[in-house]
Amino acid sequence: MGTAIVPSDTASAVPSATGADEEARHWSGARRLQAVKNGVRKGGGSVRGAVLYIAEWIIENAPRVPVRDLATLRAQFPGLGPDQLADKLISGAANATSTVGAGIGAAAMLPVPPAMPAELAAEITSVAAIEIKLVAELHEVYGLRPPGALKERSLAYLTAWTEERGIDLTKPTTLNAALGGQMKRELRQQIMKRMFRSLPNLMPFMVGAAVGAVMNRRDTRKVAEKVRTDLRGRAVAWDALRQLPPLEQPSKPLPEAARAALEGMDPGTDG
């Protein structure tokens, strides 16, 4: 079959493949955004239910996020000091969240009500896994590993991520509170707020993936710098650290979509 030739004087009226793809993304995004708006107008029950479901997912899966201990990080980044190592981790995490597509593994990720698109749920949970891992490893870099077993530490890191601050090891009551029912309820409320702030991440379907990439990169760096600034004030020098056992690794891997997102945190990636 021959190739059709478009006359030069009519070429501008024929949309390019790229333009057609962008238009398709626009309408796809518009429908998804309208679904969220419809859910909110109906009382927000279905959206709230979806958000609570995802918040529970993040709480449940936080202990399944793999965290590198200080010895591992220093071996992967030889010759770097704490701040230089932290820079590397932040750049890698920012790059990873910027490349998280809203459609990454969405179909296999988790069921959500129609008022919250599965793509948005997949993006939120993937970004959360990346940022929780980053927060945990920043605590390792600055010599402030919280006490306890895997589950207790994971809840402490989750609290630090949600509140955008470092863990204060001099206040054991704060750490103990992370295990209580009241703290978990507060944690779900805080995660819910973060998720509602993430609703604009539907925009990549409307104006191109670059917008979502910039937003994710900016938000990840913002959280990381807040936590890092907090940790710096209490940092323990590496030569003053007591010998700590290697961090135990999760026995169950994260779901495929979240694992794929974490694989983007390449140790050698610069921002």
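Our structure's up above, just so we're on the same page.
Residues numbered from 1 in each chain as written. Predicted model: local features only at pLDDT ≥ 70, side-chain atom pairs only at ≥ 80, totals over all residues. Heavy atoms only, no water.

### Quick word on the pattern of salt bridges
Line of reasoning, step 1. Summed over all chains, the structure comprises 12 salt bridges.
Line of reasoning, step 2. We note a salt bridge from Asp83 to Arg232, for which the minimum N-O separation is 3.2 Å. With Asp83 in helix α4 (residues 82-98) and Arg232 in helix α11 (residues 209-232), this residue pair connects regions lying 149 residues apart in the sequence.
Line of reasoning, step 3. We note a salt bridge from Lys133 to Glu137, for which the minimum N-O separation is 3.1 Å. Within this pair, Lys133 and its partner Glu137 are both found in helix α6 (residues 118-141), separated by four residues, close to a single helical turn. (Salt bridge = Lys/Arg side-chain N within 4 Å of Asp/Glu carboxyl O. Helix = DSSP H or I, 4+ residues; strand = E, 2+ residues; numbered from the N terminus.)

### Some remarks on the environment of Thr220
Line of reasoning, step 1. Mapped onto the fold, Thr220 is located in helix α11.
Line of reasoning, step 2. Relative accessible area serves as the criterion here: at 1%, Thr220 is assigned to the buried category.
Line of reasoning, step 3. Leaving out residues up to four positions away in the same chain, Thr220 has contacts with Ala93, Ala94, Thr97, Glu131 and Leu134.
Line of reasoning, step 4. Reaching out from Thr220, the side chain makes a polar contact with the side chain of Thr97 at a distance of 2.9 Å. (Buried < 20%, exposed > 50% of the residue type's maximum accessible area, 1.4 Å probe, protein only. Contact = heavy atoms within 4.5 Å. Polar contact = N/O pair within 3.5 Å; in protein donor to acceptor, adjacent residues only side chain to side chain.)

### Considering empty space enclosed by the protein
Summary: where empty space remains is shown by rolling a probe the size of a single water molecule over the atoms.
Line of reasoning, step 1. In the structure shown here, the tally under the stated rule is four cavities of 30 Å³ or more.
Line of reasoning, step 2. Counted as a void, the largest cavity has a volume near 100 Å³.
Line of reasoning, step 3. Taken together, Ala62, Val65, Val67, Ile132, Ala136, Leu150, Arg153, Ser154, Tyr157, Leu247, Glu248 and Pro250 make up the full set of residues lining the largest cavity.
Line of reasoning, step 4. Contributing elements (two or more residues each) for the lining of the largest cavity: α6 and α7 (150-163).
Line of reasoning, step 5. If you tally residues by element for the lining of the largest cavity, the top one is α7, at four residues.
Line of reasoning, step 6. The residue inventory of the lining of the largest cavity, partitioned by class, reads nine nonpolar, one polar and two charged. (1 Å grid on protein atoms, 1.4 Å probe; cavity = no way out; pocket = protein on both sides within 12 Å on 5 of 7 lines; lining within 4 Å. Points joined across faces, edges and corners; volume = space filled by probe spheres on them. Nonpolar A, V, L, I, M, F, W, Y, C, P; charged D, E, K, R; others polar.)

### Examining the nonpolar core
Line of reasoning, step 1. The biggest cluster of nonpolar side chains holds 53 residues, and the ones touching the most others in it are Ile58, Ile130, Leu138, Val141, Leu158, Trp161 and Ile191.
Line of reasoning, step 2. Elements supplying a minimum of two residues to this core: α2 (45-61), α3 (70-76), α4, α6, α7, α9 (181-197), α11 and α12 (256-262).
Line of reasoning, step 3. Discounting chain neighbours no more than four positions away, the residues touching Leu138 are Ala86, Ile90, Ala224, Val227 and Leu231. (Core = buried A, V, L, I, M, F, W, Y, C linked by side-chain atoms within 4.5 Å.)

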